[in-house]
Amino acid sequence: MNAVSAKLSAFLEQVTIARNQALQNGIQPSPALARANMANLSAMNGKGPDVRYVSDGSFFVETDSRTEIPFRIYSPNPTAKLPVILHLHGGGHMCGDLEIYDAISRRMAIHTNSVVITLDYRLSPEHPYPAAIEDCKFLLTHYQSLLGSVGFKDELILAGDSAGAALTATLSAAAQYSAQISKQILLYPSLDYTMEHPSIDAYGSGYLLEKQGVAWYFDKYLQNGEDRKQVSPLFMPVPACMPETLLIVANCDPLQDEAYAYAEKLRKSGVSVQLNVFEGMVHGFLLLNTLAEEECDLVYELMNQFING
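Please read these numbers as outputs of a predicted model, since none were measured by experiment.

*Asks:* I tried to follow the packing of helix α3 (residues 102-112) against helix α10 (residues 293-308) on my own but got confused; where do I start?
*Replies:* The packing of two helices is summarised by the inter-axis angle and the distance between the axes. It is the contact of α3 with α10, at a shortest axis distance of 9 Å, that shows an interaxial angle of 50°. For the element pair α3 / α10, the angle class is oblique. The two elements α3 and α10 cross, and the hand of that crossing is right-handed. Note on element contacts: α10 touches α3 through D297, Y300, M303, N304, I307 and N308, opposite I104, R107, M108, H111 and T112. Here the residues of the contact of α3 with α10 sort into five nonpolar, four polar and two charged.

*Asks:* I tried to follow the environment of N224 on my own but got confused; where do I start?
*Replies:* Tracing the backbone through its elements, the reader meets N224 in the loop between α8 (211-221) and β7 (244-250). Note on N224: relative accessible area 57%, which makes it exposed. On a C-alpha basis, the gap between N224 and G204 in space is 26 Å, while along the polypeptide they are 20 residues apart. Residue contacts for N224: discarding those within four places in its chain leaves P128 and Y129.

Rules used throughout
- Residues numbered from 1 in each chain as written.
- Predicted model: local features only at pLDDT ≥ 70, side-chain atom pairs only at ≥ 80, totals over all residues.
- Heavy atoms only, no water.
- Axes fitted to C-alpha atoms, helices over the stretch in contact; angles between N-to-C directions.
- Helix = DSSP H or I, 4+ residues; strand = E, 2+ residues; numbered from the N terminus.
- Parallel < 35°, antiparallel > 145°, perpendicular 65-115°, else oblique.
- Left-handed = near helix turned anticlockwise from the far one by under 90°.
- Contact = heavy atoms within 4.5 Å.
- Nonpolar A, V, L, I, M, F, W, Y, C, P; charged D, E, K, R; others polar.
- Buried < 20%, exposed > 50% of the residue type's maximum accessible area, 1.4 Å probe, protein only.

Written as structure tokens, this is what we have:
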């Protein structure tokens, strides 16, 4: 077993106490509670840097003309032709939004000198699989028109953490989309909906992301009897044009084994993979910037080197 960083131990103890109290009080999980908890967690993220250009917009996808999908654009220099990062946020396919991830998107834009576009894709259980994928596909195929007068160059990077990494890897596995993607960045990714890797049990309690919570998220997301192996990015075929990949893994994360397996699969298929393991970190540690600022800064620097190096 890997030891949690002393930077996070007191915080994790508090989370465990709060979780046990909720269980004793008979509080049942719900989407509203999960979203409120993630919003509270984002307070540990701190405020992101100022970005010269920030603009909000929205679009509708062909499969749901009633639901407006908000998006936000960040550019440190809107007149320059910069790489474009499509940032797909995490949250178990149930949580997360533009505001919770605003600081992370800002840091991405500043540290990598890139245009960042993020979106409020539809969430489960109200919008189960594959609604979020459809929204992300629309962004991938229409992002240039959404940028308007903001400068950009023909270099597209997909970046996602946790469930957002699942969406990223799913798009990259589809040949018709991977051809448009220059690089992909997966931050402590969720890649296997079967939950069969040993780290799920080894780190499934007391490390912020709980095994029971993962199972609950997946049940709410995959509501229509989907073959969980078939829809897991880990088991999808690797297209010939699979983009170069940066993987960030926390070694106290129940999902770490599937990230290692994914890296090995891509390498065997000839894909360039850069794997960086953060010792003592837990799933979602980019949201804990005030506690692990040094580690978070290193993640953004690795992203910068991967995009611009």
